[in-house]
Amino acid sequence: AEEGRLVPLAIVRLEELLLLLWETEPGSHPADRWPREQVRAVAAVHDTLTADLRRWYTIEQLARQHLINTSALKAVFKGVYGQPVAAYMREYRMHEAARQLRETDRTVAEIAAAVGDESPGPFPVFSGPGGGGFRSAYPFASQSTSAAPV
């Protein structure tokens, strides 16, 4: 019975997607504004940045490692991901730390170290808009007793 209701919903969603694709102008996606090599390089930079959050990189290191000009790296990264590299990574680290707070039993110090913050005292990654504050005030989605692998 429930399966019968899902099929029409899936068809409607597919029609919406096709309409959106039909109305989308070629070249309107942010990644279409730059050469494919630069977009690929920036995607590789993103993978490098997010692979190990304990590591910190400079724009110059990333540009050298991925063979892209520093100005192009900054412009293309902002165009594709919507924020400058530093702002994006600050938010990415904050979201990862929040996820770990919800889903693991790790201490704040352990989570801080895992996301590249060596001083969990004030835990700056949680300060600011949407930061969440102290772990004791953090709304847990699940109360598991075992820590999830990181």
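Residues numbered from 1 in each chain as written. Predicted model: local features only at pLDDT ≥ 70, side-chain atom pairs only at ≥ 80, totals over all residues. Heavy atoms only, no water.

1. Some words on the nonpolar core
Okay, step 1: The biggest cluster of nonpolar side chains holds 21 residues, and the ones touching the most others in it are V42, L49, L62, I68, L73, F77 and M89.
Okay, step 2: Among the elements of the structure, α2 (36–51), α3 (59–66), α4 (70–81) and α5 (85–103) are those that each provide at least two residues to this core.
Okay, step 3: Apart from the residues within four sequence positions on either side, L49 is in contact with Y57, L62, F77, V85 and M89. (Core = buried A, V, L, I, M, F, W, Y, C linked by side-chain atoms within 4.5 Å. Buried < 20%, exposed > 50% of the residue type's maximum accessible area, 1.4 Å probe, protein only. Helix = DSSP H or I, 4+ residues; strand = E, 2+ residues; numbered from the N terminus. Contact = heavy atoms within 4.5 Å.)

2. Topic: the pattern of salt bridges
Okay, step 1: Enumeration over the complete set of coordinates arrives at 3 salt bridges.
Okay, step 2: Between E96 and R99 there is a salt bridge, and its shortest N-O distance comes to 2.6 Å. One end of the pair, E96, and the other, R99, are both in helix α5, 3 residues apart, so they sit about a helical turn from each other.
Okay, step 3: According to the relative accessible area criterion, E96 is buried, its value standing at 19%.
Okay, step 4: Judged by its relative accessible area of 25%, R99 is partly exposed.
Okay, step 5: Notably, a salt bridge pairs E103 with R99, separated by 2.8 Å at the nearest N-O pair. Taken together, the residues E103 and R99, both in helix α5 and 4 residues apart, mark about one turn of the helix.
Okay, step 6: The partly exposed category is assigned to E103, whose relative accessible area is 36%.
Okay, step 7: One salt-bridge network, in which partners are shared between bridges, spans E96, R99 and E103. (Salt bridge = Lys/Arg side-chain N within 4 Å of Asp/Glu carboxyl O.)

3. Considerations on α3
Okay, step 1: Regarding α3, the residues found buried are L62, A63 and H66. Projection of α3 onto a plane perpendicular to its axis shows the buried side chains occupying an angular sector of 100°, all on one side.
Okay, step 2: On its buried face, α3 is in contact with α2 and α4.
Okay, step 3: In the stretch just after α3, L67 is the one whose phi turns positive, near 55°. (Arc of directions from axis to C-beta.)

4. Some words on the packing of aromatic side chains
Each aromatic ring pair is summarised here by two numbers: the centre-to-centre distance and the angle between the ring planes.
Okay, step 1: Overall, the coordinates contain 4 aromatic pairs when judged by the stated rule.
Okay, step 2: Seen from their ring centres, Y81 and Y88 are 5.4 Å apart, and the 55° between their planes marks the pair as tilted.
Okay, step 3: Owing to a relative accessible area of 26%, Y81 belongs among the partly exposed residues under this scheme.
Okay, step 4: The class of Y88 is buried, set by a relative accessible area of 16%.
Okay, step 5: Here a set of aromatic residues connected by ring pairs shows up, and it is made of F77, Y81, Y88 and Y92.
Okay, step 6: Geometry around W56 places R93 over its ring, the cationic atom sitting 3.8 Å from the centre. (Phe/Tyr/Trp six-rings, centres within 6.5 Å; stacked < 30°, edge-to-face > 60°. Lys NZ or Arg CZ within 6 Å of the ring centre and 35° of its normal.)

5. Considerations on the confidence of the model for the protein
Okay, step 1: Overall, the prediction assigns the protein a mean pLDDT of 77, with 65% of residues at 70 or greater.
Okay, step 2: Taking the mean pLDDT of every element in the protein, the minimum, 68, falls on helix α1 (residues 2–23) and the maximum, 96, on α3.
Okay, step 3: In the model, residues 125–150 has pLDDT below 50 throughout and makes 44 contacts with residues more than four positions away in sequence or in other chains. (pLDDT = per-residue confidence, 0-100.)

6. Let's talk about unusual backbone geometry
Okay, step 1: At L67, a residue that is not glycine, the phi angle is positive and equals roughly 55°.
Okay, step 2: By the element assignment, L67 lies in the loop between α3 and α4.
Okay, step 3: The class for L67 is exposed, based on a relative accessible area of 80%.

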